[in-house]
Amino acid sequence: MADAFHKALLRAAAKGWISDSPGTPLCSDAQNRWTPRGQIASGVAYGADERITFADIDGDRRDDYLVVNARTKAVRAWMNAGGDRDGRPGWVARGQIASGVLKPGDGLRFANVDCDTRDDYVVTKYPSGAATAWLNRGGDQDGRPGWVARGQIASGVGIAQGQGLAFADIDGDQRDDYLIWDLRTGSVQAWINNGGDPA
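**Thoughts on the packing of aromatic side chains**
Part 1 of the reasoning: A complete count under the given rule lists eight aromatic pairs for this structure.
Part 2 of the reasoning: Here the aromatic rings of Phe54 and Tyr65 are separated by 5.5 Å at their centres, their planes lie at 85°, and the arrangement is edge-to-face. Of the two residues, Phe54 sits in strand β1 (residues 50-55) while Tyr65 sits in strand β2 (residues 64-69), which places them eleven residues apart along the sequence.
Part 3 of the reasoning: On the basis of relative accessibility, which here comes to 40%, the residue Phe54 falls in the partly exposed class.

**Some details on the pattern of salt bridges**
Part 1 of the reasoning: Applying the stated criterion to the full structure yields nine salt bridges.
Part 2 of the reasoning: With a closest N to O distance of 3.2 Å, Glu50 and Arg76 form a salt bridge. Of this pair, Glu50 sits in strand β1 while Arg76 sits in strand β3 (residues 75-80); the two residues are 26 residues apart in sequence, bridging distant segments of the chain.
Part 3 of the reasoning: The buried category is assigned to Glu50, whose relative accessible area is 19%.
Part 4 of the reasoning: According to the relative accessible area criterion, Arg76 is partly exposed, its value standing at 26%.
Part 5 of the reasoning: Salt-bridge contacts for Arg137 lead to Asp116; the nearest nitrogen and oxygen are separated by 3.5 Å. Linking Arg137 in the loop between β7 (131-136) and β8 (147-154) with Asp116 in the loop between β5 (107-111) and β6 (120-124), this pair joins segments that are 21 residues apart in sequence.

**Quick notes on the sheet that holds β8**
Part 1 of the reasoning: Across the sheet, four strands lie side by side as β5-β6-β7-β8; this open sheet has antiparallel pairing. Two strands lie at the open edges of the sheet, namely β5 and β8, each paired on one side alone. Looking at each pair of strands side by side, their axes are set apart by 25° on average, direction ignored.

**Section: the environment of Asp140**
Part 1 of the reasoning: Structurally, Asp140 can be placed in the loop between β7 and β8.
Part 2 of the reasoning: Put simply, Asp140 and Ile97 are 43 residues apart on the chain and 4.4 Å apart in space, counted from C-alpha to C-alpha.
Part 3 of the reasoning: Each residue touching Asp140, except ones within four places of it in the same chain, is listed here: Arg94, Gln96, Ile97, Ala98, Ser99, Pro145, Gly146 and Trp147.
Part 4 of the reasoning: One polar contact links the side chain of Asp140 to the main-chain amide nitrogen of Gly146, over a distance of 2.8 Å.

**Side note on unusual backbone geometry**
Part 1 of the reasoning: With an omega of 10°, the peptide bond between Tyr126 and Pro127 qualifies as cis.
Part 2 of the reasoning: Of note, Pro127 is situated in the loop between β6 and β7.
Part 3 of the reasoning: Of note, the phi angle at Lys73 is positive, near 70°, even though the residue is not glycine.
Part 4 of the reasoning: Its location among the elements puts Lys73 in the loop between β2 and β3.
Part 5 of the reasoning: Looking at Lys73, the relative accessible area reads 6%, which means it is buried.

Quick notes on the rules
- Residues numbered from 1 in each chain as written.
- Predicted model: local features only at pLDDT ≥ 70, side-chain atom pairs only at ≥ 80, totals over all residues.
- Heavy atoms only, no water.
- Phe/Tyr/Trp six-rings, centres within 6.5 Å; stacked < 30°, edge-to-face > 60°.
- Helix = DSSP H or I, 4+ residues; strand = E, 2+ residues; numbered from the N terminus.
- Buried < 20%, exposed > 50% of the residue type's maximum accessible area, 1.4 Å probe, protein only.
- Salt bridge = Lys/Arg side-chain N within 4 Å of Asp/Glu carboxyl O.
- Pairing = 2+ DSSP bridges.
- Axes fitted to C-alpha atoms, helices over the stretch in contact; angles between N-to-C directions.
- Contact = heavy atoms within 4.5 Å.
- Polar contact = N/O pair within 3.5 Å; in protein donor to acceptor, adjacent residues only side chain to side chain.

The following block contains the structure:
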C-alpha cells in the first residue's frame, strides 16, 4: 500500500499538482523582510520577583506569553492567538500552567527536548550545568498536572564565570541542543541532543 501511495505522489508531483498553499508564507533569505507590526501585547501585571519570557506551550508553533516567578519557578500563561491587532486582544489567559519547583539558585529554561513541538520545563543547576526536565503534556489545567517528570537530561559540563547556558535547535532535528556561550566573546559550544541522558 505504501509503495502504491508513494508512486501516486511522485506522479502528482511530476504533473505539478503539488504546491504550497496560497496562505503559506515562503521562507526566504531576501533582505528587508521585516514588516512593522506595532504593539502585539499590552502587557500583564507582574511582580518584582517575576519575569516575562516566551515559549511554545501548546505546540502550535507560536510562542506563548509567560510570566515566571523567579523564586518558585511557577508559570502563568497567555496563549498566542495571533497577538493584539487593531485594538483586539490576541492572547488567551490560561492561568497557572506550572506550580514550580522551588530550589534556590536553580535556573529555569523552556526547551523542546523530546521533539514533540511543545517546549518543556527544564531546571538547570549552577555551576554544574546539570539539567532536569519535566515533559510538557499541555501544562497544568483544571487541577490536573500537565508535566511528566523525565529526570536528569544532562549531567552538565560545568559553567565557568562569564559563561551562560542556553538551549536551541542547532541541527534542525526539532530537539533543542545544549549550549554554553561565552558572555564576553559570544562564542558558543554545543552538545547535540540525542535524547538526553538515560533515565
